[in-house]
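Here's the letter readout for the chains.
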Amino acid sequence: MITPILDPTPAALAQAVQALTAGQLIGLPTETVYGLAGHAFDEQAVAAIFAAKERPRFDPLIVHLAQAESLEDLAAQQLIDIAALPAALKAPLNALIRACWPGPLTLVLPRHARVPELVTSGLETVALRVPAHPVAQALIRQSFPLAAPSANRFGRISPTTAAAVRQELDGRLALILEGGPCSVGLESSVVGCEGKELILLRPGQLDLATLSARAGLSVRPAQVHPAEVRAPGMLASHYAPQHSLRLFENRGQLAKMLADGLPRAVLLLRPLSEAETALGAEHVQHVLSSSGDLSEVAQGFFAGLRALDQEPVSEILAEVPPPGPGLAHALRDRLFKAAGQRVR
Ligand code: TXA
Ligand code: MG
């Protein structure tokens, strides 16, 4: 069966709402990556998400909403238990909600009893996000909160186009809504609470400095590797291509890796310089940005990795941006995990 990709016409949106109401799953565009969406309050639909994605049930899902103005609003929507939040965090969280939603931010907050335990993998917190993508907005406004992980099979490369969703999950979804290539290209920044502090559980486009400024409170990086405690889903190996993947941090390292002459696929942040062109000969190259601009790199990153994974080569070599805040941090996180390495 070939899952249809539908342009987001009113008729297609109505068909998507009907499918979701019946407990079926759809492919949903967001500004970060495409989601595999189902009715967040329908336990069978949520169970179907885990099955379609082949995702272990200990890895909780994000609930996507059309709108939320404040913590009080989330409590009124019966999504969070506001009484379980430390008073000191209310103003900073409300400031983040006002400044960052709709947008690529996920907040992990005390869960309301109405949220199915399957969504939160039995945790006492629920992850919430208001996506900015107009198709996601239009659909959720017409339906209900949607549980949606990234629309890839567990551990694989996240999809940033409708075609990539079909490649991952063909036959497991009722339909996929076309939303064009994702404008951010990396998953949302995930912020959780610990005591009276806010912590960044997953880096994304919104970085520590931006989040701290918007919250009016210093957001801390996660100290321990997230896989160990706070976010069961943030496993060391993730976003992985099927080919083996090795990373390089400068072009000297690349030259050494290519020295044996075997054909490889090379993912580059910016084009090879004239002096380096010999490196490219006989290898498949995919250049993410003509200038090395990290927004452009992030936008095309998963699609580039996916394209190289189709090439008949022994291995993919990928260039890692130097350490830095924001997208550099987020890209390093995805690359190290894709290569099955601990994040440095
Ligand atoms: O940008 C995004 O966030 C995309 C789009 C579709 O919205 N979604 C996404 O979902 O990346 P997923 O399931 O691939 O990643 C969700 C992450 C996982 O690492 C999960 O462990 C973490 O959020 N998470 C969810 N609920 C949590 C909770 N209660 N506590 C800690 N981490 C949680
Ligand atoms: Mg994912």
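The structure this text deals with has already been given above.
Computed from a prediction, not measured in an experiment: that's the story for all the values here.

K.L.:
Would you mind going over the overall build of the protein with me for this structure?
P.N.:
When its secondary structure is counted, the protein shows twelve helices and 15 strands. Relative to the 2.2 N^0.38 estimate, which gives 20 Å for 344 residues, the radius of gyration of the protein is 20 Å and therefore close to what a compact globule would have. Counting only C-alpha atoms, the protein reaches 60 × 50 × 30 Å along its principal axes. Buried residues in the protein amount to 55% of all 344 residues.

K.L.:
I keep staring at the pattern of salt bridges and nothing clicks. Help me out?
P.N.:
Charged atoms that come close allow side chains of opposite charge to pair. Under the criterion given, the structure shown has 17 salt bridges. Put simply, E276 and R251 hold a salt bridge, and the shortest N to O gap is 2.9 Å. Residue E276 is found in the loop between β13 (265-268) and α10 (277-280), and its partner R251 is found in helix α9 (residues 251-257); the two are separated by 25 residues along the sequence. Of the two residues, E276 and R251, neither departs from the other in class, the shared state being buried. The partner of K337 in a salt bridge is D333, with the nearest N and O atoms 2.8 Å apart. Within this pair, K337 and its partner D333 are both found in helix α12 (residues 327-338), separated by four residues, close to a single helical turn.

K.L.:
I keep staring at the packing of helix α11 (residues 294-309) against α12 and nothing clicks. Help me out?
P.N.:
A pair of packed helices is characterised by two quantities: the angle between their axes and the separation of those axes. At a closest axis distance of 10 Å, the pairing of α11 and α12 adopts a crossing angle of 20°. In this view, α11 runs roughly parallel relative to α12, as classed from their interaxial angle. Considering how the two elements wind past one another, α11 and α12 form a crossing that is left-handed. In this structure, α11 uses L294, S295, V297, A298, F301, F302 and L305 to contact α12, whose residues at the interface are L327, A328, L331, R334, L335 and A338.

K.L.:
Help me understand the packing of aromatic side chains in this model?
P.N.:
Between two aromatic rings, the relevant description is the distance of the centres plus the angle of the planes. Counted by the stated rule, this structure contains two aromatic pairs. Taking 5.1 Å as the distance between ring centres and 55° as the angle between the ring planes, the aromatic pair formed by F301 and F302 counts as tilted. With respect to burial, F301 and F302 carry one shared label: buried. Through a chain of ring-to-ring contacts, three or more aromatic side chains come together here, namely Y239, F301 and F302. The positively charged end of R114 is found above the aromatic ring belonging to F41, 3.8 Å away from the centroid.

K.L.:
What is the right way to look at the sheet that holds strand β14 (residues 284-287) in this model?
P.N.:
Hydrogen bonding along the main chain pairs the strands of a sheet, whether they run parallel or antiparallel. Strand order in the open sheet made by the four strands is β12-β15-β13-β14, with parallel pairing throughout. Strands at the two margins of the open sheet, each flanked by one partner only, are β12 (244-248) and β14. Within the sheet, the average angular offset between the axes of one strand and its neighbour, ignoring direction, is 20°. Here β13 pairs with β14 via four bridges, running parallel.

K.L.:
Help me understand the side chain of K53, please; the structure alone is not making it clear to me.
P.N.:
Within the fold, K53 resides in helix α2 (residues 43-53). A distance of 3.1 Å separates a polar side-chain atom of K53 from the backbone oxygen of N152. Not counting residues within four places of it along the chain, the set of residues in contact with K53 comprises L36, P149, S150, N152, R153 and F154.

Cut-offs used in this document
Residues numbered from 1 in each chain as written. Chains lettered and ligands numbered in written order. Predicted model: local features only at pLDDT ≥ 70, side-chain atom pairs only at ≥ 80, totals over all residues. Heavy atoms only, no water. Helix = DSSP H or I, 4+ residues; strand = E, 2+ residues; numbered from the N terminus. Rg over C-alpha atoms; globule rule 2.2 N^0.38 Å. Buried < 20%, exposed > 50% of the residue type's maximum accessible area, 1.4 Å probe, protein only. Salt bridge = Lys/Arg side-chain N within 4 Å of Asp/Glu carboxyl O. Axes fitted to C-alpha atoms, helices over the stretch in contact; angles between N-to-C directions. Parallel < 35°, antiparallel > 145°, perpendicular 65-115°, else oblique. Left-handed = near helix turned anticlockwise from the far one by under 90°. Contact = heavy atoms within 4.5 Å. Phe/Tyr/Trp six-rings, centres within 6.5 Å; stacked < 30°, edge-to-face > 60°. Lys NZ or Arg CZ within 6 Å of the ring centre and 35° of its normal. Pairing = 2+ DSSP bridges. Polar contact = N/O pair within 3.5 Å; in protein donor to acceptor, adjacent residues only side chain to side chain.

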